[in-house]
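# Topology and contacts: notes
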Amino acid sequence: MEWFDTHAHLFDEGLLPQIEDVLSRADEAGVKTMVAIGTTLEDSRICVELAERFPQVYASVGIHPNHSAEAKEGDLDAVESLMTHPKVVAIGETGLDRYWDFAPIELQKEYLQWHVEKSRQYQKPLVIHMRECEQDIVEWLEASKADGPLSGILHSYTGNVELAELGVACGMHISFAGMLTFKRNQELRDVAKTIPLERLLVETDCPYLSPEPCRKQRPNEPALVVHTGTCLAGERGMEPAELARVTTNNARKLFGIQST
Ligand SMILES: [Zn+2]
């Protein structure tokens, strides 16, 4: 069985110092590939370094909406210079966040638009974060239709069926993280059943929100994506091995990664 963790913040201070152990536990669990996701210029560089060091690690580079206000002049250019690296397979993490108040929403929208342009220019998929801004994302998706289909991921998805349908119609994949496994989130599991199989992905979003039954484990790490995947398989009436095969193929295709 082979799993793919599409969203891992491997630069986290709880993971980076023990990265070789983290990766070997992932390997033992069957998590054979992962994308390290950048949120600032500094950690995007670390993601690229990790991708250079470890064959199973790929990188996504970008500036997270919550870090957009603190970005310095030249940071966007420096992030862009990483985008042509052969192991950079995605653009982001970008998106919108009204839960935290670290950056004005208009600035977040400018940054999102910049990442969208780069995604189209370099033909690498977007990694989209959203928190308490579903209506903004609906408007963004509707507006972007005029420029043709998008490519990317609505990551750590917790939205409703309608938004997922719109995302899929606009070319996006839907990725589920540990929250899918939490007892109280039956509604989210019901949403997950409706996603077309060919657009379905799994992730840890580590170091945050470890899945059941390891919810107390801190930090979360790529090995634990197996639990989210197994939960998702159960909800969809599939064997875990089949869901692993499908979601891993989806991820490889989206990121342009050849089978090993
Ligand atoms: Zn993230």
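Anyway, here's the lowdown on the structure attached to this text. (Residues numbered from 1 in each chain as written. Predicted model: local features only at pLDDT ≥ 70, side-chain atom pairs only at ≥ 80, totals over all residues. Heavy atoms only, no water.)

## Re helix α6 (residues 161–169)
Put simply, the rule is: Burial here depends on accessible area, computed with a 1.4 Å probe over protein chains only, as a share of the maximum for the residue type. Under 20% is buried, over 50% is exposed, and the range in between is partly exposed. Secondary structure counts use DSSP, requiring at least four H or I residues in a row for a helix and at least two E residues in a row for a strand, with both numbered from the N terminus. Polar contact criterion, stated in full: a pair of N or O atoms within 3.5 Å, where within protein one must be able to donate a hydrogen and the other to accept it, and residues adjacent in sequence count only if both atoms are side-chain atoms.
Within α6, burial applies to Leu163, Ala164, Leu166, Gly167 and Val168. Two to three positions downstream of the cap, the backbone nitrogen of Glu162 sits 3.3 Å from a side-chain oxygen, assigning the N-cap of α6 to Asn160.

## A word on the layout of surface pockets
Just so we agree on the cut-off: The definitions used throughout rest on a 1 Å grid laid over the protein atoms alone, on which a cavity is an enclosed set of points accommodating a 1.4 Å probe that cannot get out and a pocket is an open set flanked by protein within 12 Å on both sides along at least five of seven lines; lining residues are those having an atom within 4 Å of a point. Grid points are joined across faces, edges and corners, and a volume is the space filled by probe spheres set on the points. Classification used: nonpolar for Ala, Val, Leu, Ile, Met, Phe, Trp, Tyr, Cys and Pro, charged for Asp, Glu, Lys and Arg, polar for all others including Gly.
Taken as a whole, the largest pocket encloses approximately 720 Å³ of empty space. Asp97, Trp100, His129, Arg131 and Asp205 are, among the 27 residues lining the largest pocket, the residues nearest its centre. Those elements that place two or more of their residues in the lining of the largest pocket are β4 (88–97) and β5 (126–131). Sort the elements by how many residues they give to the lining of the largest pocket and β5 lands first, with three residues. Across the lining of the largest pocket, the residue classes break down as nine nonpolar, 11 polar and seven charged. As a volume, the second largest pocket reaches approximately 200 Å³. Forming the boundary of the second largest pocket are Thr158, Gly159, Asn160, Met179, Arg184, Asn185, Glu187, Leu188 and Val191. Among the residues making up the lining of the second largest pocket, the classes are represented as three nonpolar, four polar and two charged.

## Quick look at the coordination of the zinc ion
Rules: Shown as donors are all N, O and S atoms within 2.8 Å of a metal ion, widened to 3.2 Å for Na, K and Ca; because water is not in the atom set, sites may appear incomplete.
The protein atoms that coordinate the zinc ion are His7 (NE2), His9 (NE2) and Glu93 (OE), at distances of 2.0 to 2.1 Å. With a relative accessible area of 1%, His7 lands in the buried category. Exposure remark for Glu93: the relative accessible area of 2% places this residue in the buried category.

## Side note on the pattern of salt bridges
Threshold: Each reported salt bridge corresponds to a side-chain nitrogen of Lys or Arg within 4 Å of a carboxyl oxygen of Asp or Glu.
Tallying each qualifying case throughout the model produces 14 salt bridges. Ionic pairing is found between Asp136 and Lys109, a salt bridge with its closest N-O pair at 3.2 Å. Placement of the pair is Asp136 in helix α5 (residues 134–144) and Lys109 in helix α4 (residues 105–122), with a sequence separation of 27 residues. Given the relative accessible area of 10%, Asp136 is considered buried. Owing to a relative accessible area of 27%, Lys109 belongs among the partly exposed residues under this scheme. The network of salt bridges with shared partners includes Arg189, Asp190, Lys193 and Glu235.

## Details of the nonpolar core
Stated precisely, the cut-off is as follows: By nonpolar core we mean a set of buried residues, namely Ala, Val, Leu, Ile, Met, Phe, Trp, Tyr and Cys, connected to one another through side-chain atoms within 4.5 Å. What makes two residues a contact is simply this: any of their non-hydrogen atoms within 4.5 Å.
Core analysis: the largest hydrophobic core is formed by 70 residues, its most contacted members being Val57, Ile137, Trp140, Leu141, Tyr157 and Phe176. Apart from residues lying up to four places away in sequence, Phe176 is in contact with Tyr157, Leu188, Ala192, Ile195, Leu200, Leu201, Val202, Glu203, Thr228 and Leu232. Within the second largest apolar cluster, 13 residues are counted, among which are Val35, Ile37, Val127 and Leu254.

## A word on the packing of helix α3 (residues 75–82) against α4
What counts, and what does not: Interaxial angle, 0 to 180 degrees, is taken between N-to-C directions of lines fitted to C-alpha atoms, where a helix line uses only the stretch in contact. Angular relationships are summarised with four words: roughly parallel below 35 degrees, roughly antiparallel beyond 145, roughly perpendicular across 65 to 115, and oblique for the angles in between. We call a crossing left-handed when the near helix sits turned anticlockwise from the far one by less than a right angle, and right-handed when that turn is clockwise.
It is at 12 Å that the axes of α3 and α4 come closest, and there the two elements cross at 25°. With respect to α4, the element α3 is oriented roughly parallel. The two elements α3 and α4 meet at a crossing, and its hand is right-handed. In this structure, α3 uses Leu76, Val79 and Glu80 to contact α4, whose residues at the interface are Tyr111, Trp114, Lys118, Gln121 and Tyr122.

## Thoughts on the packing of aromatic side chains
Rule in force here: Between rings of Phe, Tyr and Trp, where Trp is taken as its six-membered ring, a pair exists when centres lie within 6.5 Å; planes separated by under 30 degrees are stacked, by over 60 edge-to-face, and by other angles tilted. By definition, being over a ring means that NZ of Lys or CZ of Arg is both within 6 Å of the ring centre and within 35 degrees of the ring normal.
Tallied over the full model, the rule gives four aromatic pairs. Measuring from centroid to centroid gives 5.0 Å for Tyr99 and Trp100, while their planes differ by 90°, and the two rings are edge-to-face. Owing to a relative accessible area of 39%, Trp100 belongs among the partly exposed residues under this scheme. Between the aromatic rings of Trp100 and Phe102, the centroid separation amounts to 5.5 Å while the plane-to-plane angle is 10°, which identifies the pairing as stacked. In textbook terms, an aromatic cluster arises when at least three aromatic residues are bridged by ring pairs, as seen for Tyr99, Trp100 and Phe102. Over the ring of Phe182 we find Arg215; its NZ or CZ atom is 3.5 Å from the centre of that ring.

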